[in-house]
Amino acid sequence: MSFRPPKGTYDVVAGASQPISDPQIWRSLLGEWEVWAERFGYPLTMTPVFESTELFERGVGGSSEVVTKQMYTFEDKGGRSITLRPEGTAGVVRAFLNAGGQGAWKGAYSGPMFRYERPQKGRYRQFWQVGVEYLDAEAPDADSEVIELGYRYLTAVGVPGLELRLNSLGDSECRPAYLVQLSTYLNDRREKLCEDSVDLIDVNPLRVLDCKVCEPYLTDAPEMTDNLCDACRDHFQSVKTSLEALNIPYVQDPRLVRGLDYYTRTAFEFIGTELDAAQNAVGGGGRYDGLAESIGGRRTPGVGLALGVDRIVIALGSAEAASIDVYIVSESGAGDALLAASVLRQDGLRVDFDTEGRSVKAQFRAATRSGAGTTLVMGGLDKPVDVRTGGSRLTMPLEEVSDWMNATL
Ligand code: HAM
């Protein structure tokens with residue numbers, strides 16, 4: 001067959017050899033996300049995978065690369081300009097405003113996002129984000145709570161070498177003066193900077209701080225956190241104090257600028273320090289007090305985060321989680337295995353067996369391949385079964401298997 005998944009995409013299917021395609025890891029990461037989001041009071045939110053292009057142009061911002069270079073934009077049959085969502089925040093804020101939302105509101109989402117990027121390991125054209133948005137929430141504790149959710153989730157699923165980086169990007173009060181100062185500094189070093197950075201000076205000077213190539217020439221660049229107004233400084237200090245009280249370690253990073261234009265004040269990223277440096281952000285977020293107004297809504301301060309599940313899967317490596325608990329090998333035919341599996345499944349166990357009447361030897365091979373910790377060998381429905389786990393073998397009635405497994409394994 002000559003079809004492959006489109007460039008920058010991949011399949012999650014049982015039996016694929018790549019760890020990133022392992023359905024079991026995906027299922028457990030997405031399931032765990034729902035648990036944590038609900039624990040923090042975020043109900044499920046679903047918005048369309050495509051939106052009007054203008055929502056992203058105005059919401060995410062015309063000077064961000066995501067909007068200028070990476071959007072999947074097309075005209076639909078009715079002549080509307082449509083874009084596959086490159087991120088979740090703009091759509092969720094739109095949905096909140098359309099619903100006439102008033103007062104503090106929380107929503108959690110999970111789904112595919114689309115960016116036309118140069119694909120490589122950890123960077124895809126379709127990727128999966130889980131995220132939350134906390135709207136009509138102005139106080140710094142909202143920021144801390146969102147950050148805590150990300151930190152607790154990433155710690156619970158076991159991302160190795162997790163590091164939280166934190167910065168403040170100021171607001172409309174203090175950022176404009178800082179940007180003038182930064183542009184002057186950058187203009188003075190124009191000849192040393194790379195071409196992309198020079199182009200950015202007039203459009204989005206903050207992004208220059210993010211350039212790995214120019215880093216050596218920017219060591220004494222002015223920093224936003226030294227130029228915050230009183231309100232932004234208090235807000236930042238308060239977020240840091242709560243993170244300390246919550247025992248969440250962070251690194252203050254004056255170079256952290258984020259790739260989307262809507263951020264004000266708090267900006268943060270979660271880094272998997274064991275991943276390749278170019279794609280090591282497993283999540284990020286921050287505050288966006290001006291986003292709702294930029295898309296024509298009333299003032300709605302908000303804060304949120306999104307985690308990249310593809311990258312979390314990579315960070316966890318091939319954990320080889322088994323997808324079933326018991327594989328039944330039947331010496332008395334598939335019909336008996338079908339009934340025995342039914343009993344165990346109703347007891348809550350994850351069970352598989354061979355429906356095709358293969359030889360006992362072939363069934364044992366399938367049991368090994370399945371990754372099940374326990375193989376159950378049966379010689380008829382009225383006979384006790386042989387339960388093999390690790391090196392041990394025990395004989396017991398079928399009805400006792402699930403109790404025995406729950407008590408022992
Ligand atoms: P973002 O930093 O653009 O933020 O994306 C969040 C995470 O999505 C990244 O840290 C990364 O793990 C993952 N990600 C982004 N692009 C790709 C890609 N091409 N391939 C694989 N993974 C990727 C946002 O999207 C904001 N909406 C987060 C937010 C929510 N801010 C406030 N609320």
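Worth saying up front: this structure is predicted, and the values here are computed from it rather than measured.

A. Seen up close, unusual backbone geometry. The phi torsion at Asp-136 lies on the positive side, around 55°, for a residue other than glycine. Within the secondary structure, Asp-136 sits in the loop between strand S5 (126-135) and helix H5 (140-157).

B. Expanded view of the sheet that holds strand S9 (residues 281-287). The strand order across the open sheet formed by seven strands is S4-S5-S10-S9-S8-S6-S7, and the pairing between neighbours is mixed. This sheet does not close on itself; its edge strands, each paired only once, are strand S4 (105-114) and strand S7 (251-252). Relative to S9, strand S8 (residues 264-272) runs antiparallel, the two being bridged by six bridges. Looking across to S9, one finds that Ile-271 is bridged to Ala-281. Against the sheet, helix H4 (residues 89-98) makes contact with S4 and S5, and its axis sits at roughly 40° relative to S5, the strand it touches most.

C. Structural view of the site of the ligand. Near the ligand there are 27 residues, and of these Glu-87, Glu-117, Glu-133, Tyr-263 and Ala-281 occur at the shortest range. Contact between the ligand and Arg-115: an oxygen atom at 2.9 Å from a side-chain N or O atom of the residue. In the model, an oxygen atom of the ligand is placed 3.4 Å from a nitrogen or oxygen of the Gly-308 main chain. In isolation the ligand exposes 660 Å². Once the protein is present, 96% of that is buried. Of all the secondary structure elements, the ones that give two or more residues to the shell around the ligand are S5, S9 and strand S10 (302-308).

D. Looking closely at a negative patch on the surface. A grouping of Asp-347, Glu-399, Glu-400 and Asp-403 is seen on the molecular surface, where their side chains present a negatively charged patch. Position of Glu-399 among the secondary structure elements: in the loop between strand S15 (392-396) and helix H14 (401-408).

E. Broad picture of the packing of aromatic side chains. Under the criterion given, the structure shown has ten aromatic pairs. Connected via pairs of aromatic rings, a cluster forms that spans Tyr-262, Tyr-263 and Tyr-288. Above the ring of Tyr-116, the side-chain terminus of Arg-125 is found at 3.9 Å from the ring centroid.

F. Structural context of the environment of Ala-292. Inspection of the secondary structure assignment puts Ala-292 in helix H10 (residues 291-294). Residue class for Ala-292 comes out buried when judged on its relative accessible area of 1%. When the C-alpha atoms of Ala-292 and Cys-229 are compared, they prove to be 22 Å apart, with 63 residues separating the residues in sequence. When neighbours within four sequence positions are excluded, Ala-292 is seen to be in contact with Val-93, Leu-97, Gly-297, Arg-298 and Thr-300.

G. How the structure looks around the nonpolar core. Formed by 88 residues in total, the largest nonpolar core has its most connected members in Tyr-42, Tyr-153, Phe-270, Leu-307 and Ile-312. Among the elements that make up this core, the one with the highest residue count is H5 (eight residues). Tyr-153 has contacts with Leu-29, Glu-32, Trp-33, Trp-36, Leu-307 and Ile-312, leaving out every residue within four places of it along the chain. Core analysis: the next-biggest nonpolar cluster, separate from the first, contains 17 residues, Ala-340, Leu-376, Val-385 and Val-387 among them.

H. Up close: the environment of Ser-64. Here Ser-64 shows up in the loop between helix H2 (53-59) and helix H3 (65-68). Linking Ser-64 and Asn-204, residues 140 residues apart in sequence, is a C-alpha distance of 8.0 Å. Setting aside residues no more than four positions away along its own chain, Ser-64 makes contact with Gly-259, Leu-260 and Asp-261. A polar atom in the side chain of Ser-64 sits 3.0 Å from the backbone oxygen of Gly-61.

I. Molecular detail of the pattern of salt bridges. A full pass over the atoms with the stated rule returns 20 salt bridges. Taking the shortest distance from any N to any O, the salt bridge between Asp-354 and Arg-358 comes out at 2.9 Å. It is possible to trace a salt-bridge network through shared partners that takes in Asp-143, Arg-287 and Asp-289.

J. Main features of the environment of Phe-114. Tracing the backbone through its elements, the reader meets Phe-114 in strand S4. For Phe-114, a relative accessible area of 11% corresponds to the buried category. Along the backbone, Phe-114 and Phe-127 are 13 residues apart, and their C-alpha atoms lie at a distance of 6.5 Å. With residues up to four places along the chain from it excluded, the contact list for Phe-114 reads Val-49, Gln-70, Tyr-72, Leu-84, Arg-85, Pro-86, Arg-125, Gln-126 and Phe-127.

K. Fine view of the side chain of Asp-336. Here Asp-336 lies in helix H12 (residues 334-346). Residue contacts for Asp-336: discarding those within four places in its chain leaves Ser-330, Met-378, Gly-380 and Leu-381.

L. Up close: the domain arrangement of the protein chain. Each assigned domain of the protein chain is listed with its residue range as follows: domain 1 (19-174 + 228-316) and domain 2 (326-408). Each of domain 1 and domain 2 has a C-alpha centre, and the two are 45 Å apart.

M. Structural view of a nonpolar patch on the surface. The grouping of Leu-338, Leu-339 and Leu-381 at the surface amounts to a nonpolar patch, some 270 Å² of accessible area in total. Along the polypeptide, Leu-338 turns up in helix H12.

N. Quick peek at the side chain of Glu-87. Relative to the assigned elements, Glu-87 resides in the loop between strand S3 (81-84) and H4. One buried charged side chain, Glu-87, makes no salt bridge at all; its nearest oppositely charged neighbour is Arg-115, positioned 5.8 Å away. A polar side-chain atom of Glu-87 sits 2.5 Å from a polar atom in the side chain of Tyr-262.

Rules behind the numbers
- Residues numbered from 1 in each chain as written.
- Predicted model: local features only at pLDDT ≥ 70, side-chain atom pairs only at ≥ 80, totals over all residues.
- Heavy atoms only, no water.
- Helix = DSSP H or I, 4+ residues; strand = E, 2+ residues; numbered from the N terminus.
- Pairing = 2+ DSSP bridges.
- Contact = heavy atoms within 4.5 Å.
- Axes fitted to C-alpha atoms, helices over the stretch in contact; angles between N-to-C directions.
- Near = heavy atom within 4 Å.
- Polar contact = N/O pair within 3.5 Å; in protein donor to acceptor, adjacent residues only side chain to side chain.
- Areas by Shrake-Rupley, 256 points an atom, 1.4 Å probe, with all protein chains shown as cover.
- Patch = residues over 30% accessible without salt bridge, like charges linked within 9 Å, V, L, I, M, F, W, Y side chains within 5 Å.
- Salt bridge = Lys/Arg side-chain N within 4 Å of Asp/Glu carboxyl O.
- Lys, Arg positive; Asp, Glu negative; His and termini not counted.
- Charge placed at Lys NZ, Arg CZ, Asp CG, Glu CD.
- Phe/Tyr/Trp six-rings, centres within 6.5 Å; stacked < 30°, edge-to-face > 60°.
- Lys NZ or Arg CZ within 6 Å of the ring centre and 35° of its normal.
- Buried < 20%, exposed > 50% of the residue type's maximum accessible area, 1.4 Å probe, protein only.
- Core = buried A, V, L, I, M, F, W, Y, C linked by side-chain atoms within 4.5 Å.
- Domains from an automatic or database assignment.

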